[in-house]
Amino acid sequence: MQEQLKTVARRLKSAGKICVLTGAGISKESGIPTFREAQTGLWANFDAERLATIQGYLADPPLVWQWYDTRRVGIADTQPNAGHYALVELESMIPSVVIITQNIDGLHAKAGSRDIIELHGSILKYRCFDAGHPQSDVAAGLKEPPQCRCGSMLRPDVVWFGEALPQEALERAFQEVGSADVVLVVGTSGLVQPAASLPDHGARNGAFIVEVNPEETPITEIADCLLQGLSGTVLPRLIAEMKE
Ligand code: APR
């Protein structure tokens, strides 16, 4: 591992642009369960059709509103961990660091990262159904969705199953990865498209691909290096190595 850390640290230090693709794994050490775990743990009964689709929301707005409201309140209480903070430090060492996240928890911004592309939206924000008017100041504890100033119903600003990713965010993500020197892939199972294609896009455009994950994933095959371990441990070690 030490040799691998040295090699990766050297690559990172000489990079002009680094893209970091993150998934649920980076927030695990902040106490937020990952999706694969969620299917067996606390959210074993999570019914995606009812809770995370447009059809589900329209069928029972109060149910879906309250479910997201409870999650939002829980997530608003969580704190970034050493992995998130290491990425903030990386920003101070490299000309350009772009965080591309599948997480909706807002923890990269809370840690202090500045250039963040949220591919799956944010549970901390809302927008209305009809016009997409953004709204972030919504009281907790409401029993049903409030209305937007235009009269439309508000919904969480997250990407639900069956929905397209925000076009602008997705286009920028591919563009940034296509011109990155290094792509760091942290804590994602690499199973959900289109985010899962980003590392491959980077590799085809000549980027050095580094994966940080305690387990192998489909991305491991195309990665130049797998730093096997928890992001809250591996990323700070990587930063320390860059300072050597
Ligand atoms: N550090 C790094 N990686 C970790 C850690 C950790 N401490 N703990 C777990 N992991 C890894 C797991 O090994 C797994 O590969 O994080 C990954 C989590 O995988 P998923 O739960 O599938 O999360 P993610 O890849 O973000 O899911 C993608 O799926 O359900 C959708 O929209 C949802 O954004 C989500 C998308």
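The coordinates are above.
The residue numbering used here restarts from 1 in each chain and proceeds along that chain's sequence as written. It should be noted that, the model being predicted, local features are given only for residues of pLDDT at least 70 and side-chain atom pairs only at 80 or more, the latter also being counted only at that level, while totals for whole chains, interfaces and linings use all residues. Think of the side-chain values as coming from all heavy atoms in the structure, minus any hydrogens and water.

> In this structure, what is going on with the overall build of the chain? I would like to understand it.
The helix and strand labels rest on DSSP assignments: H or I over at least four residues marks a helix, E over at least two residues marks a strand, and numbering proceeds from the N terminus. The helix and strand inventory of the chain stands at 11 helices and 9 strands. Values of the radius of gyration come from C-alpha atoms, whereas the globule rule sets the reference at 2.2 Å times the count of residues to the power 0.38. Computed over the C-alpha atoms, the radius of gyration of the chain is 18 Å, within 12% of the 18 Å expected from 2.2 N^0.38 for a compact globule of 244 residues. A total of 244 residues make up the chain; the buried ones form 49% of that total. Should any heavy atoms of two residues lie within 4.5 Å, those residues are considered in contact. Taking as baseline every contact in the chain between residues at least 6 positions apart, the subset at least 24 positions apart corresponds to 69%. When the accessible surface of the chain is summed, it comes to about 11600 Å², and 51% of that surface belongs to carbon and sulfur atoms. Partly exposed describes any residue whose relative accessible area lies between the buried limit of under 20% and the exposed limit of over 50%, with all areas from a 1.4 Å probe on protein chains only and scaled to the type maximum. Here the accessible surface of atoms and residues is derived via Shrake-Rupley with a 1.4 Å probe, and residues count as covered only by protein chains that are part of the display.

> Can you walk me through the nonpolar core in this structure?
Looking at soluble globular proteins, one finds that nonpolar side chains tend to be buried together. Counting residues in each nonpolar core, the largest one holds 27 residues, and the members touching the most others are Ile18, Val20, Leu90, Leu184, Leu227, Leu235 and Leu238. Counting only elements with at least two residues in this core, the list comes to helix 1 (2-13), strand 1 (17-22), helix 7 (82-91), strand 2 (96-101), strand 7 (182-186), strand 8 (208-212), strand 9 (225-227) and helix 11 (231-243). Among the elements that take part in this core, helix 11 stands out by supplying 5 residues, more than any other. When sequence neighbours within four positions are dropped, the list of residues in contact with Leu227 reads Met1, Gln4, Leu5, Val8, Val210, Glu211, Val212, Asn213, Val234 and Leu238. Nonpolar cores were defined as sets of buried Ala, Val, Leu, Ile, Met, Phe, Trp, Tyr and Cys residues, with membership established by side-chain atoms within 4.5 Å.

> Even after reading the chapter, I still don't get the environment of Ser231, so can you show me in this structure?
Note that Ser231 resides in helix 11. Taking the C-alpha atoms as reference points, Ser231 and Glu211, 20 residues apart in sequence, are found 10.0 Å from one another. Residues contacting Ser231, with those up to four places away along its chain left out, are Gly25, Ile26, Glu29, Gly83, Val186, Val212 and Pro236.

> What is the right way to read the sheet that holds strand 7 from this model?
By way of backbone hydrogen bonds, the strands of a sheet pair with one another, either parallel or antiparallel. Ordered by their spatial adjacency, 6 strands build an open sheet running 3-2-1-7-8-9, and the pairing between neighbours is parallel. The open sheet has two free edges, formed respectively by strand 3 (116-118) and strand 9, since each of these has just one partner strand. On average, adjacent strands in this sheet sit at an angle of 20 degrees to one another, irrespective of strand direction. Packing of helix 7 onto the sheet brings it into contact with strand 1, strand 2 and strand 7, and relative to strand 1 it is tilted by some 165 degrees. We treat two strands as partners when DSSP finds at least two bridges between them. Lines fitted to C-alpha atoms define the axes here, with helix axes fitted over just the stretch in contact, and angles between the N-to-C directions of these axes take values from 0 to 180 degrees.

> I would appreciate a short explanation of the pairing of strand 8 in the present structure.
Consecutive residues of a regular strand have side chains that alternate between opposite faces of the sheet. Burial runs high along strand 8: 5 of the 5 residues are buried. Neither face of strand 8 is exposed, since Phe208, Val210 and Val212 on one face and Ile209 and Glu211 on the opposite face are all buried. Sheet topology places strand 7 next to strand 8; 5 bridges connect them, and they run parallel. Within the sheet, the bridge partner assigned to Val182 lies in strand 8 and is Phe208. One crossover worth recording links strand 7 to the parallel strand 8 by way of helix 10 (residues 198-204), and it is right-handed. Relative to strand 9, strand 8 runs parallel, the two being bridged by 3 bridges. Looking at strand 9, one finds that Val210 is bridged to Cys225. A crossover counts as right-handed when, viewed with the strands pointing away from the observer, the path leading from the first strand over the helix to the second turns clockwise.

> Explanation requested: the pattern of salt bridges in the structure shown.
Opposite charge on two side chains permits pairing when their charged atoms draw close. We define a salt bridge as a side-chain nitrogen of Lys or Arg found within 4 Å of a carboxyl oxygen belonging to Asp or Glu. Counted according to the given criterion, the structure contains 11 salt bridges. The closest approach of N and O atoms between Lys17 and Glu176, which form a salt bridge, is 2.5 Å. One end of the pair, Lys17, is in strand 1; the other, Glu176, is in helix 9 (residues 167-178), with 159 residues separating them in the sequence. Overall, Lys17 belongs to the buried group, its relative accessible area being 17%. Put simply, Arg72 and Asp69 hold a salt bridge, and the shortest N to O gap is 3.2 Å. Placement of the pair is Arg72 and Asp69 together in helix 6 (residues 61-76), with a separation of 3 residues, close to one helical turn.

> Would you mind showing me how to read the side chain of His108 here?
Within the secondary structure layout, His108 lies in helix 8 (residues 107-111). For His108, a relative accessible area of 3% puts it in the buried group. For His108, the residues in contact, after removing those within four places along its chain, are Thr22, Ile26, His84, Leu87, Ile99, Thr101, Ser113 and Ile116.

> What is the right way to read the sheet that holds strand 4 (residues 121-128) from this model?
Across the sheet, which stays open at both edges, the 3 strands sit in the order 5-4-6 with antiparallel pairing between neighbours. Whereas interior strands pair on both sides, the edge strands pair on one side only; in this sheet they are strand 5 (134-135) and strand 6 (154-158). With 2 bridges joining them, strand 4 and strand 5 adopt antiparallel strand pairing. Within strand 5, the residue paired with Tyr126 across the bridge is Gln135. Lying on the sheet, helix 6 is in contact with strand 4 and strand 6; it crosses strand 4 at an angle near 140 degrees.

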